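# Summary of structural features
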Amino acid sequence: MFSRREPARPILTAADIILDAKTADKWEAIRLVGNRLVEAGHVEPGYVDAMIEREKGFTTYVGNGLAIPHGVAESKRFIRSSGLAIAQFPRGIDFGEGNVAYLVIGIAGKGDQHLELLSSIALRCENPDEVKRLAQTRSAEDLLRAFL
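Residues numbered from 1 in each chain as written. Predicted model: local features only at pLDDT ≥ 70, side-chain atom pairs only at ≥ 80, totals over all residues. Heavy atoms only, no water.

### Describing helix α2 (residues 46-57)
In an α-helix, one full turn covers 3.6 residues, which means residues spaced three or four apart are oriented alike. Note the cut-off: Under the scheme used here, helices are H or I runs from DSSP no shorter than 4 residues and strands are E runs no shorter than 2 residues, and both carry numbers assigned from the N terminus. Here the expected span of a helix is defined as 1.5 Å times the quantity of residues minus one. We call a residue buried when its accessible area falls under 20% of the maximum for its residue type, exposed when it is over 50%, and partly exposed in between, using a 1.4 Å probe and counting protein chains only. In this analysis, two residues are considered to be in contact whenever any of their non-hydrogen atoms come within 4.5 Å of each other.
Here α2 contains 12 residues, and its C-alpha end-to-end distance of 17 Å stays within 8% of the 16 Å for a straight helix at 1.5 Å per residue. Within the span of α2, buried status applies to Tyr-47, Val-48, Ala-50, Met-51, Ile-52, Arg-54 and Glu-55. Residues of α2 that are buried sit in contact with α1 (26-39) and β5 (100-108).

In structure tokens form, the structure reads like this:
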């Protein structure tokens, strides 16, 4: 007997990119990308709460104008498939201690893909000029190309 498999979801689509985002604070920014992961079917709603809990314990601001919110190990049970959601903040969003994020990239890594996604994003964002350019682009496709 054959089992029916769901078609694989792309890790990132143009619909997962929020240009010129505006939120009151980093908590809303994390919920924004987390809820986009839920809408895309990558995670269950409990994962968004896990992203918030992770941020309370240790900031996900990684430098260079970039924050990468994600859940903790216990939240793996909420992940259905690996995915990314990107919110662009051209004016920046305060992530505390003088750190301003211009790109907030929510990630959910199924299985062992978590570290692979983190390192891939870090490599793509190691050039501050590229992050600045991506923070100002008006094209979701431009951001999509940068992260695929």
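### Some words on helix α5 (residues 140-147)
Rule in force here: Distance and chemistry together define a polar contact, namely a pair of N or O atoms within 3.5 Å, with one atom able to donate a hydrogen and the other to accept it when in protein, and with adjacent residues in sequence counting only for side-chain atoms on both sides.
Counting buried residues in α5 gives six out of eight residues, a clear majority hidden from the surface. Among all positions of α5, only Ala-140, Asp-142, Leu-143, Leu-144, Ala-146 and Phe-147 are buried. Elements in contact with the buried residues of α5: β1 (17-18), β4 (83-94), β5, α3 (113-124) and α4 (128-136). Measuring from the side-chain oxygen of the N-cap residue of α5 to the backbone nitrogen of Glu-141 gives 3.3 Å; that N-cap residue is Ser-139.

### Overview of the packing of α1 against α2
We apply this condition: Axes here mean lines fitted to C-alpha atoms, for a helix over just the part in contact, with angles spanning 0 to 180 degrees between N-to-C directions. Angle categories are assigned with fixed cut-offs, so that under 35 degrees is roughly parallel, over 145 is roughly antiparallel, 65 to 115 is roughly perpendicular, and the rest are oblique. Should the near helix be turned anticlockwise from the far one by less than a right angle, the crossing is termed left-handed; should it be turned clockwise, right-handed. Following the grouping adopted for this structure description, the nonpolar residues are Ala, Val, Leu, Ile, Met, Phe, Trp, Tyr, Cys and Pro, the charged ones are Asp, Glu, Lys and Arg, and the polar ones are all others, Gly among them.
Running from N to C, α1 and α2 point in directions that differ by 150°, and their axes come no closer than 9 Å. Judged on the interaxial angle alone, α2 and α1 are roughly antiparallel. The way α1 lies across α2 gives a crossing that is right-handed. Where α1 approaches α2, its residues Lys-26, Trp-27, Ile-30, Arg-31, Val-33, Gly-34, Asn-35, Leu-37 and Val-38 are matched on the opposing element by Tyr-47, Val-48, Asp-49, Met-51, Ile-52, Glu-55 and Lys-56. Considered class by class, the residues forming the contact of α1 with α2 number nine nonpolar, two polar and five charged.

### Section: the pattern of salt bridges
Pairing between side chains of opposite charge can happen when their charged atoms approach one another. The following threshold applies: The working definition used for a salt bridge is a side-chain nitrogen of Lys or Arg within 4 Å of a carboxyl oxygen of Asp or Glu.
Counted by the stated rule, this structure contains 10 salt bridges. Here Arg-145 and Asp-142 are joined by a salt bridge, their closest N and O atoms 3.8 Å apart. Of this pair, Arg-145 and Asp-142 both sit in helix α5, separated by three residues, roughly a single helical turn. Look at Arg-145 and you get exposed, because its relative accessible area is 58%. Several salt bridges converge on common partners, so that one network encompasses Glu-130, Arg-133, Asp-142 and Arg-145.

### As for the side chain of Asp-142
Exposure remark for Asp-142: the relative accessible area of 12% places this residue in the buried category. If we skip the residues at most four places from it in the chain, Asp-142 touches Arg-133, Leu-134 and Thr-137.

### Remarks on the sheet that holds β5
Rules: Between any two strands, pairing holds if DSSP finds at least two bridges.
The mixed open sheet is built from five strands, whose spatial order is β1-β4-β5-β3-β2. Lying at the two open borders of the sheet, with one neighbouring strand each, are β1 and β2 (61-63).

From the geometry alone we can't say anything about function, so treat these as descriptive.
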